[in-house]
Amino acid sequence: MALRSYCRQLAAQVARLKHCVNDSTRNVSGSGLSLARINPLHEPAGEFVRSSRWHRRSWHLCVTEKRPSGAAGVSSWTLAWGVMAFSLFGSSDERTEEQKLEDELILLLKKAKMANLAFVQGQLDNAEKLFKAAMSFMLSGGTPQDDNAVIEMSLKLASIYASQNKNELAEHGFQFCTESLVAKMEKQKELPPESLSDEERKDTRLLLGLSLDARARYLAANRRFTGACRDYRHALQICQEEQGESHPQTLVLLSDLATVLDLQGKHDEALALVKKAVELGQLAGHPEQHVLLGNMAGILMHKGEFEESSKLYQEALALARAAGDGEAVEQLQEGLKELASRRDGRTESKLEEQELKE
């Protein structure tokens, strides 16, 4: 089964610790476990916007993937923490220390997977606890705070707090993620070229884009449109440079930025961006072209271009039904209702003006 990066790190840790126990005795000594470097792990307010996940090569790898080894030690405190936090075995268990240790770490690995599943399913309280547990384990084992996996989980925690209206915690979380990644990228510039692969550099930069995107949605939801536009523009720049003009995520960001600009009343700029997204999406065969069309229809409606808006809404609705996207169908139907209401309002207004003139 495909796993996120922090799950892969824990899987690698299981293999290394098994090797450690084989080569030593019950009391393992050392300066702490040096973990292998890994690769890391996003709806603003608007008429009809649904953002998709960032697409990154390194997100989905199997548990069985071989990872490079780190130092062969782990502190007894780390082992004790793992036992206290996650042990489900009785004192009469006669298994070897190797088996116990491996079972504890496998259980933690499962909790990390459960954390992501709980997050996706909206079980935010459970996801928060599980993410914190997995993060604590990695930090206690020697993982640096600016490791992409730690930042990735911090970003999900910030998103959880944003959903729970815990704004102070959410903002601190988003700030930690973005500032840590910017500082990390500055450090990477000073490293010799051979010490950092292109993949590692790209993954860190894409994680910054993901963090900026998440914070932009949070700011937009709280009607802080200036900050949201700033972060969306930065995220869009990163995505364009790293993944290309026609990448699905680039098109989503174009549409998201257009929606925020539309909410600010900057309808012309918004229309130019979403039109570009629609055109590129059509050429590239974007899987959610109906979403882009729906956003463009909404912006046209706000500009008062009702006929063109109606055509796009109908086109988007047909595509959404063909794709079996029930959520999009419902949102597009709501858009058509609003369009009809605005049309009726304009007609009534014109009749009133005519009566006054007469």
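Here's what I pulled together on the structure shown here. (Residues numbered from 1 in each chain as written. Predicted model: local features only at pLDDT ≥ 70, side-chain atom pairs only at ≥ 80, totals over all residues. Heavy atoms only, no water.)

### Some details on the environment of Asn126
Then comes step 1: Structurally, Asn126 is set in helix H4 (residues 124–140).
Then comes step 2: Along the sequence, Asn126 and Asn116 sit 10 residues apart, while their C-alpha atoms lie 9.9 Å from each other. (Helix = DSSP H or I, 4+ residues; strand = E, 2+ residues; numbered from the N terminus.)

### Focus: unusual backbone geometry
What is expected of a backbone is that most residues other than glycine have negative phi and most peptide bonds are trans.
Then comes step 1: One non-glycine residue with positive phi stands out, namely Asn165, at about 60°.
Then comes step 2: Considering the arrangement of structural elements, one finds Asn165 in the loop between helix H5 (148–163) and helix H6 (167–189).
Then comes step 3: You can call Asn165 exposed: its relative accessible area is 62%.
Then comes step 4: Not every positive phi belongs to a glycine, and Arg223 is a case in point at roughly 60°.
Then comes step 5: Here Arg223 lies in the loop between helix H7 (198–221) and helix H8 (225–243). (Buried < 20%, exposed > 50% of the residue type's maximum accessible area, 1.4 Å probe, protein only.)

### Description of helix H10 (residues 267–284)
Then comes step 1: Across its 18 residues, H10 extends 25 Å between first and last C-alpha, which sits within 8% of the 26 Å expected from 1.5 Å per residue.
Then comes step 2: Once H10 ends, the next one or two residues include Gly285, with phi positive near 70°. (Expected span 1.5 Å × (residues − 1).)

### Examining the packing of aromatic side chains
Then comes step 1: A complete count under the given rule lists two aromatic pairs for this structure.
Then comes step 2: Taken together, a centroid distance of 6.2 Å and an interplanar angle of 70° make the contact between Phe119 and Phe131 edge-to-face. Here Phe131 lies in helix H4 and Phe119 lies in helix H3 (residues 97–120), a separation of 12 residues in the sequence. Comparing Phe119 with Phe131, the two get one shared label, buried.
Then comes step 3: Where Phe174 meets Tyr218, the ring centres are 5.5 Å apart and the plane angle is 45°; that geometry is what we call tilted. In this pair, Phe174 is assigned in helix H6 and Tyr218 in helix H7, connecting sequence segments 44 residues apart.
Then comes step 4: On the basis of relative accessible area, Phe174 is assigned to the buried category, the value being 2%.
Then comes step 5: With relative accessibility at 6%, the residue Tyr218 sits in the buried group. (Phe/Tyr/Trp six-rings, centres within 6.5 Å; stacked < 30°, edge-to-face > 60°.)

Note that all results are geometric; they support no functional claim without further evidence.
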